Amino acid sequence: MHLLSSIGPKEMELEEKFKIMDRKRRILVTGGHGFIGGNFIRFLKDNFPDSYIVNIDKNGYASNKDYIKGLCDEDIKLNLKDSLYLENVFLKHDKFDYIFHFAAESHVDNSISGPTEFVESNVLGTQNLLECYRKITPHARFIHISTDEVYGHLTWNEDPFTEKTPIAPRSPYSASKASSDLLCLAYIETYNLDISITRCCNNYGPNQHKEKFLPTIINALKDNKKIPVYGDGTNVREWMHVHDHTLAVWTVATRGKPGVYNIGSGNELSNLELVDMLCKIFNKDIDDCVKFVEDRLGHDFRYAIDNTKLKEELLWEPMYNNMYKELEEYVEYFLKNGR
């Protein structure tokens, strides 16, 4: 996943800027056994192989340790709720240059049926991490990975979310992420710490757990089963390849300032449009494949991200711009690897 390779003038400019970075960095990643965290660790090892990487993960049901096997210098099983153990990790590694906080409970349906775990993991876990950072490694750069869901939702005619859009979460999951965002913002203002928050749209790509929407569609099509679609399928999401997301996070870490950065692709699709795209890849008719199910409680209608700040201030651009082709490649990968 060599994402710093040049494919155009802007990417070449970006690569030249990255070349002056000291690549022998000490980096802490939380949630590296997860979907996006695992892809981020692969990005680091591909592009900065001399970095010393410490991963912390509680190894939950959606974890995949094999995806980053052998890539971390230390891979520690640890729940961020365990503040004493977490503090010991920081005391051992008091010279972290970067802290990337990916770890989170993330499935909205699970947050509806069991919200307590989401508050404990996403809010208390983030608070414990911030306290260790503040007390032991305040010189480090801290990147908190959040979600566009903290903004609430949009109608058809509303403009995309900007960094100035008020947060208005509508599920226990998004409320827990909004709470952790507010903690980060408070630590910036109160303690003058170098923290950035990234809020990204929906991701797709290798290593995604089967509970998510895209793997659910692919498994249904593979097994000749009906695809469950909430409500009437008109809910809209913005989709981004996970490799674009990882480069955006690194761009914010190395070139950004404290505060919020939205990460968006501009690829807005209704759930039915996404299902239809995958049906075409499988050479199937969508009318034969869909089963509409009772709508999710508090189901957000539409997400859309304005990424102007990221593009203009930090010169980031998405590199994956042909979603149909990328989904074909993802389907091939998924069928071969199982996630």
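Residues numbered from 1 in each chain as written. Predicted model: local features only at pLDDT ≥ 70, side-chain atom pairs only at ≥ 80, totals over all residues. Heavy atoms only, no water.

A.B. asks: If you had to explain the overall build of the protein to someone new, which residues and values would you point to?
C.D. replies: Across its full length, the protein holds 11 helices and 12 strands. Considering only C-alpha atoms, the protein reaches an extent of 55 × 45 × 40 Å along its principal axes. Within the protein, the fraction of its 339 residues that count as buried is 54%. Long-range contacts, defined as pairs at least 24 residues apart, comprise 81% of the intrachain contacts of the protein with a sequence gap of at least 6. Measuring between centres, the 41 positive side-chain charges of the protein sit 5 Å from its 51 negative side-chain charges. (Helix = DSSP H or I, 4+ residues; strand = E, 2+ residues; numbered from the N terminus. Buried < 20%, exposed > 50% of the residue type's maximum accessible area, 1.4 Å probe, protein only. Contact = heavy atoms within 4.5 Å. Lys, Arg positive; Asp, Glu negative; His and termini not counted. Charge placed at Lys NZ, Arg CZ, Asp CG, Glu CD.)

A.B. asks: Break down the side chain of E149 for me, with residues and values.
C.D. replies: Looking at the element boundaries, E149 is found in the loop between β5 (141–147) and α6 (172–191). Of the buried charged residues, E149 lacks a salt bridge, with R296 as the closest side chain of opposite charge at 5.8 Å. Engagement of the side chain of E149 in a polar contact is seen with the side chain of Y303, the distance being 3.2 Å. (Salt bridge = Lys/Arg side-chain N within 4 Å of Asp/Glu carboxyl O. Polar contact = N/O pair within 3.5 Å; in protein donor to acceptor, adjacent residues only side chain to side chain.)

A.B. asks: Requested: an account of the packing of aromatic side chains, with residues and values cited.
C.D. replies: Within a pair of aromatic rings, the relevant descriptors are the distance that separates the centres and the angle that separates the planes. Using the criterion set out here, one finds 16 aromatic pairs in the structure. Considering the side-chain rings of F48 and W250, the 4.7 Å spacing of their centres and the 40° angle between planes classify their relative orientation as tilted. With F48 in the loop between α2 (35–47) and β2 (52–57) and W250 in helix α8 (residues 242–255), this residue pair connects regions lying 202 residues apart in the sequence. Note on accessibility: F48 and W250 belong to one class, buried. Ring plane angle 40° and centroid distance 5.0 Å describe the contact between Y133 and F142, whose orientation is recorded as tilted. This pair shows no difference in class: Y133 is buried, exactly as F142 is. Feature note: the residues F40, F43, F48, Y98, F100, F102 and W250 constitute an aromatic cluster, connected by ring pairs. (Phe/Tyr/Trp six-rings, centres within 6.5 Å; stacked < 30°, edge-to-face > 60°.)

A.B. asks: Give a detailed account of the sheet that holds strand β7 (residues 202–204), specifying residues and quantitative values.
C.D. replies: If you trace the 3 strands from one edge of the open sheet to the other, you get β7-β9-β11, paired in mixed fashion. The sheet is open, and its two edges are formed by β7 and β11 (268–270), each paired on a single side. If you compare each strand with its neighbour and ignore which way they point, the axes differ by 50° on average. Two elements, β7 and strand β9 (residues 236–241), share 3 bridges in a ladder whose sense is parallel. (Pairing = 2+ DSSP bridges. Axes fitted to C-alpha atoms, helices over the stretch in contact; angles between N-to-C directions.)

A.B. asks: Account for the sheet that holds β2, with residues named and values stated.
C.D. replies: The 7 strands are arranged β3-β2-β1-β4-β5-β6-β10 in an open sheet whose pairing can be described as parallel. The sheet terminates laterally at β3 (74–77) and β10 (259–263), the two strands that pair on one side only. Going from strand to strand, the sheet's axes swing by 20° on average, the running direction of each strand aside. Bridge count between β5 and strand β6 (residues 195–200): 6 bridges; the pairing is parallel. Paired with H144 across the strands is I197, a residue of β6. Of the strands in this sheet, β5, β6 and β10 are in contact with α6, which crosses β5 at around 155°.

Everything listed here is a matter of coordinates, which is why it stays silent on function.
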